[in-house]
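# Topology and contacts: notes
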Amino acid sequence: MTQTADTAPAVSFTGAVKTFGAVRAVDGADLEIHRGETVALLGRNGAGKSTTISLLLGLDQPDSGQVRLFGRTPGEAVGAGLVGAMLQAGQPIPRVTVRELVSFVASTYPHPLPVADALDMAGLGEHGARRVDKLSGGQMQRVRFAVALAGNPDLIVLDEPTAALDVEARRAFWDSMRAYARRGKTVLFSTHYLEEADSNADRIVIIHQGRIVADGSSELLKRSAGGSLVAFDLAGAGTEGLQELPGVTSVEVRADRASLRTDDSDATVVALAERGAIRGLAVAPATLEDAFLALTAPETGGTPSGSSSAGVPPRTAQEAAV
């Protein structure tokens, strides 16, 4: 079926490559984000997240491959008012109030949000008359959010949106973000707070050394990390045979305590009981952090796009539509 501006995905990367000297910051990225999805972009520092966002917003051009937003080039989509962005960079404008700044940005879009709504959603309803250059770091972060919302864009891109916020402000931010997403808007955000991705994203895309190494729901990524963690005290016993226990996929020993990653914790625990190794036994499900660390471990050397060391391949367009 031929895609039109109304049916094209919100975001489409096709074989996108961006290099800086010998560094391939984005290495053959294939990615589709459908309208109405909330997607988290995760990766270690230097993984390629910021370059990916720059390509998406048209701030950089791919050396090869293609990036499209709603079937258009990034520049065309931004020019049409379809995209709003909240970036980390940028200095406050002197002698301008919060309301004046948000009003100016809103005026450049064809169908903006009412300024009062943008301020309220960003938690700035009582600060509209304050000068932008007199705000705290956390308040400036809220201003960036209000600016991103001002045009009522169909796609909003957030780069580390809660980096300067305290716990209460972070919670309020995500309440607002979920309310915005419920309007049918598409959200792409990067974060170092894995619990934010776990709680707020429909999908999680993990980038490592410029390549997309996993793309799926939080639950799928957690299952890929090995299911559960079974830990117990060795109490002086050896570790021989632990790797061969039912369900065990990896073994880690620290001091006198063993941690077994297993995809069948019941079978593993039964086998341990038969060995008499049940002192200090603890069973915990795999976390998103476990999956993230496994997928981005330095020794993996980066998994080629299209496959995953954790068994979570980047999704094809067909899979994403299911």
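Nothing here was measured: the structure is a model prediction, and the numbers come from that model. (Residues numbered from 1 in each chain as written. Predicted model: local features only at pLDDT ≥ 70, side-chain atom pairs only at ≥ 80, totals over all residues. Heavy atoms only, no water.)

## Overview of the overall build of the chain
Selection criterion: Secondary structure follows DSSP: runs of H or I at least 4 residues long count as helices, runs of E at least 2 residues long count as strands, and numbering of each begins at the N terminus. Contact definition: two residues touch when any of their heavy atoms are within 4.5 Å. All accessibility values rest on the Shrake-Rupley procedure with a 1.4 Å probe; residue burial counts only the protein chains present in the view.
Of the regular secondary structure elements, the chain holds 11 helices and 13 strands. Dimensions of the chain, computed from C-alpha atoms along their principal axes, come out at roughly 70 × 45 × 40 Å. Taking contacts inside the chain between residues at least 6 apart in sequence as the whole, the part at least 24 apart equals 68%. Summed over its atoms, the accessible surface of the chain is roughly 15,100 Å², and 51% of this surface lies on carbon and sulfur atoms.

## Description of the packing of aromatic side chains
As a reminder of what qualifies: Stacked, tilted and edge-to-face are the three classes assigned to paired rings of Phe, Tyr and Trp, where Trp is represented by its six-membered ring and a pair needs centres within 6.5 Å; plane angles under 30 degrees give stacked, over 60 edge-to-face, the rest tilted. Each residue gets one of three labels from its accessible area relative to the maximum for its type: buried under 20%, exposed over 50%, partly exposed in between, using a 1.4 Å probe on protein chains only. Two conditions define a charge located above a ring, namely a distance within 6 Å from the ring centre to NZ of Lys or CZ of Arg, and an angle within 35 degrees of the ring normal.
Applying the stated criterion across every chain yields a total of 3 aromatic pairs. Ring geometry for Phe 145 against Phe 173: centres 4.5 Å apart, planes inclined by 55°, an arrangement best described as tilted. Here the residue Phe 145 occupies a position in helix α5 (residues 137-150), and Phe 173 occupies one in helix α6 (residues 167-181), the gap between them amounting to 28 residues. Exposure remark for Phe 173: the relative accessible area of 6% places this residue in the buried category. With a centroid separation of 4.9 Å and 85° between ring planes, the pair formed by Phe 173 and Trp 174 is classed as edge-to-face. Over the ring of Tyr 193 we find Arg 170, and its NZ or CZ is 3.7 Å from the ring centre.

## Things to note about the environment of Asp 233
Filter applied, for reference: Nitrogen and oxygen atoms within 3.5 Å of one another constitute a polar contact, given that in protein one can donate a hydrogen and the other can accept it, and given that sequence-neighbouring residues count only through two side-chain atoms.
As for its placement among the helices and strands, Asp 233 is situated in strand β10 (residues 228-233). As for Asp 233 and Ala 169, which are separated by 64 residues in sequence, their C-alpha atoms are 40 Å apart. Setting aside anything within four residues of it in sequence, one finds Asp 233 in contact with Asp 256, Arg 257, Arg 279 and Gly 280. A polar contact is formed between the side chain of Asp 233 and the side chain of Arg 257, at a distance of 2.7 Å.

## With respect to the sheet that holds strand β12 (residues 257-262)
As a reminder of what qualifies: We call two strands paired when DSSP finds no fewer than two bridges between them. Inter-axis angles, ranging from 0 to 180 degrees, are taken between N-to-C directions of lines fitted to C-alpha atoms, where helices are fitted over the stretch in contact.
Read across the sheet, 4 strands follow the order β11-β12-β10-β13 without closing on themselves; strand pairing throughout is antiparallel. Looking along the sheet, the strands with just one partner apiece sit at the ends: β11 (248-254) and β13 (282-285). Averaged over all adjacent pairs, the angle separating strand axes in this sheet is 20°, with direction ignored. Across 4 bridges, β10 lies against β13 in antiparallel orientation. Within β13, the residue paired with Ser 228 across the bridge is Pro 285.

## Some thoughts on the nonpolar core
The condition is simple: Buried residues of nine kinds, namely Ala, Val, Leu, Ile, Met, Phe, Trp, Tyr and Cys, make up a nonpolar core once their side-chain atoms join them within 4.5 Å.
Membership of the largest hydrophobic core comes to 50 residues, with the highest contact counts inside it found for Phe 145, Ile 156, Leu 158, Met 177, Ile 204 and Ile 206. With 7 residues, α5 is the single largest residue contributor to this core. Apart from residues no more than four positions distant in its own chain, Met 177 is found in contact with Phe 145, Ile 156, Leu 158 and Val 187.

## Remarks on the sheet that holds strand β8 (residues 203-208)
Spatially, β5-β6-β7-β3-β8-β9 is the arrangement adopted by the 6 strands of the open sheet, whose pairing is mixed. One side of each edge strand has no neighbouring strand; the edge strands of this open sheet are β5 (83-86) and β9 (211-216). This sheet shows a mean twist of 15° between the axes of neighbouring strands, independent of strand direction. In the sheet, strand β6 (residues 155-159) pairs with strand β7 (residues 186-190) via 5 bridges, with the strands oriented parallel. In the sheet register, Leu 155 faces β7, and the bridge partner there is Thr 186.

## A few points about the confidence of the model for the chain
As a reminder, the rule being used: For every residue, the predictor assigns a confidence score, pLDDT, that lies between 0 and 100.
Across the chain, pLDDT averages 88, with 90% of residues at or above 70. In this model residues 300-311 is a low-confidence stretch, pLDDT under 50, and it forms 31 contacts with partners more than four residues away in sequence or in other chains. Contacts for the low-pLDDT stretch residues 315-322, under 50 throughout, to residues beyond four places or in other chains number 8 contacts.

## Thoughts on helix α9 (residues 265-275)
The cut-off we apply is this: Each direction from the helix axis to a C-beta atom contributes to the arc, which is the arc of those directions.
All buried positions along α9 are accounted for by Ser 265, Thr 268, Ala 271 and Leu 272. The buried residues of α9 all sit within an arc of 130° when viewed along its axis, so they share a single face. Exposed residues pointing more than 90 degrees away from the buried face of α9 are listed as Asp 266 and Glu 274. Its buried side turned inward, α9 meets β10, β11, β12 and β13. One or two steps after α9, the chain reaches Gly 276, where phi turns positive at roughly 80°.

## Observations regarding the packing of α5 against α6
What counts is decided by this rule: Angles below 35 degrees are treated as roughly parallel, those above 145 as roughly antiparallel, those between 65 and 115 as roughly perpendicular, and all remaining angles as oblique. When residues are sorted by character, Ala, Val, Leu, Ile, Met, Phe, Trp, Tyr, Cys and Pro go into the nonpolar class, Asp, Glu, Lys and Arg into the charged class, and all the rest, Gly among them, into the polar class.
At a minimum axis separation of 12 Å, α5 and α6 run at an interaxial angle of 5°. Put simply, α5 runs roughly parallel to α6. Here Arg 142, Phe 145 and Leu 149 of α5 lie close against α6, whose contacting residues are Ala 169, Phe 173, Ser 176, Met 177 and Tyr 180. Classifying every residue of the contact of α5 with α6 gives 6 nonpolar, 1 polar and 1 charged.

## Quick word on α5
At 3.6 residues per turn, the α-helix brings residues three or four places apart onto the same side. For clarity, the cut-off: Expected helix span is computed as 1.5 Å times (number of residues minus one).
The end-to-end C-alpha separation of α5 is 20 Å, in line with the 20 Å expected for 14 residues at 1.5 Å each. Judged by how many residues are buried, α5 sits mostly within the fold: 11 of 14 residues are covered. Buried positions along α5 lie against β5, α3 (98-107), α4 (115-121), β6 and α6.

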